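Secondary and tertiary structure notes
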Amino acid sequence: MSAARHWLMKSEPDVFSIDDLALKGTTGWDGVRNYQARNFMREMRVGEAVLFYHSNAEPSGAAGTAVVVRAAYADPTQFNPNNDRFDPRATADKPVWFQVDVRFVSKFPRFISLEELRGINELSDMMLFRRSRLSVQPLTKAQWTAIARRGRRGSSPRD
DNA sequence: GCCAACGTTGGC
DNA sequence: GCCAACGTTGGC
């Protein structure tokens, strides 16, 4: 069995924010229609940690944390012709798109903007900066720790 | 299999 | 709202 991984998942706060997740508790991460993001979701295991990132926002940045509570299963929106994420190629036997369920864990007392994330040494290799359009991506444990520490406590590099 | 056209994401 | 980046589609 492999070690737990850490993940970053983007959501547009105008559509679904960390506050929405806090209210809802658990949500299905449906609607992903990018193969690389899908493949990362299929690698997720229950209990793995998620950094909830606000994209397309003012400002964009890290807003809180969540946890995977259900591993990948077929995204039902792909089967619904009335849904704008409908995919005519998908069948119940052979779904094309998958989702996981995540549960709210925390909202950061201090939001960490993308600008600030860019300035953090431990994050220099973060995929977010190179693959800006990928909405689901892995974080290293060191990256996770560097972000979560600041979100919880402030901007000091000391603990 | 190449690649131009097109559509979407997301920072600004 | 603009537009660069980049993933997808489809003609050939």
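Remember, predicted model here, so these are calculated numbers, not experimental data. (Residues numbered from 1 in each chain as written. Chains lettered and ligands numbered in written order. Predicted model: local features only at pLDDT ≥ 70, side-chain atom pairs only at ≥ 80, totals over all residues. Heavy atoms only, no water.)

**What to know about helix 5 (residues 141-153)**
Over its 13 residues, helix 5 runs 18 Å from end to end, which matches the ideal 18 Å to within 8%, given 1.5 Å per residue. Of the residues making up helix 5, those classed as buried are Q143, W144, A146, I147, A148, R149, R150 and G151. (Helix = DSSP H or I, 4+ residues; strand = E, 2+ residues; numbered from the N terminus. Expected span 1.5 Å × (residues − 1). Buried < 20%, exposed > 50% of the residue type's maximum accessible area, 1.4 Å probe, protein only.)

**Some details on the pairing of strand 4 (residues 61-74)**
Remark: a regular strand shows side chains that alternate across the two faces of the sheet. Relative to strand 4, strand 3 (residues 49-54) runs antiparallel, the two being bridged by 6 bridges. For Y53, the partnering residue across the bridge sits in strand 4 and is A62. Hairpin geometry of strand 3 and strand 4 is characterised by an intervening segment of 6 residues between the two adjacent antiparallel strands and by a positive phi of about 55° at N56. One ladder, built from 10 bridges, connects strand 4 with strand 5 (residues 98-113); its direction is antiparallel. (Pairing = 2+ DSSP bridges.)

**What to know about the protein's contact with DNA strand C**
As a matter of local geometry, DNA strand C sits amid N34, Y35, R130, R131 and R133. When atoms of DNA strand C within 4 Å of the protein are split into backbone and base, the sugar-phosphate part holds 53%. Contact between DNA strand C and R130: a phosphate oxygen at 3.4 Å from a main-chain N or O atom of the residue. Measuring from a phosphate oxygen of DNA strand C, one finds a side-chain N or O atom of R131 at 2.8 Å. Its residues assigned to classes, the surface near DNA strand C shows 1 nonpolar, 1 polar and 3 charged. (Near = heavy atom within 4 Å. Polar contact = N/O pair within 3.5 Å; in protein donor to acceptor, adjacent residues only side chain to side chain. Nonpolar A, V, L, I, M, F, W, Y, C, P; charged D, E, K, R; others polar.)

**Here's the deal with the sheet that holds strand 2 (residues 26-28)**
In spatial order, the strands read 2-5-4-3-1-6; together these 6 strands make up an open sheet with mixed pairing. Of all the strands in the sheet, just strand 2 and strand 6 (136-139) have a single pairing partner and so form its edges. Adjacent strand axes in the sheet meet at a mean angle of 35° when their direction is disregarded. Against the sheet, helix 5 engages strand 1 (6-11), strand 3, strand 4, strand 5 and strand 6, with an angle of about 50° to strand 5. (Axes fitted to C-alpha atoms, helices over the stretch in contact; angles between N-to-C directions. Contact = heavy atoms within 4.5 Å.)

**What to know about the packing of aromatic side chains**
Counted according to the given criterion, the structure contains 3 aromatic pairs. With 6.0 Å between their ring centres and 55° between their planes, W7 and F40 make a pair best called tilted. Here W7, found in strand 1, pairs with F40, found in helix 2 (residues 35-43); they are 33 residues apart in sequence, far enough to count as distant. For the pair W7 and F40, one class covers both residues: buried. An angle of 80° between the planes, with centres 5.8 Å apart, marks the rings of W29 and F52 as edge-to-face. Of the two residues, W29 sits in the loop between strand 2 and helix 2 while F52 sits in strand 3, which places them 23 residues apart along the sequence. W29 gets classed as buried once you look at its relative accessible area, which sits at 8%. Its end group placed over the ring of F98, R42 keeps NZ or CZ at 4.2 Å from the ring centre. Over the ring of Y73 we find R70, and its NZ or CZ is 3.5 Å from the ring centre. (Phe/Tyr/Trp six-rings, centres within 6.5 Å; stacked < 30°, edge-to-face > 60°. Lys NZ or Arg CZ within 6 Å of the ring centre and 35° of its normal.)

**Some words on unusual backbone geometry**
With glycine set apart, most residues show a phi of negative sign, and most peptide bonds adopt trans. For the bond running from E58 to P59, omega is 0°, close enough to zero to count as cis. With a phi close to 55°, N56 is a non-glycine residue in the positive phi region. What makes N56 exposed here is its relative accessible area of 61%.

Honestly, it's all geometry; don't read function into it.
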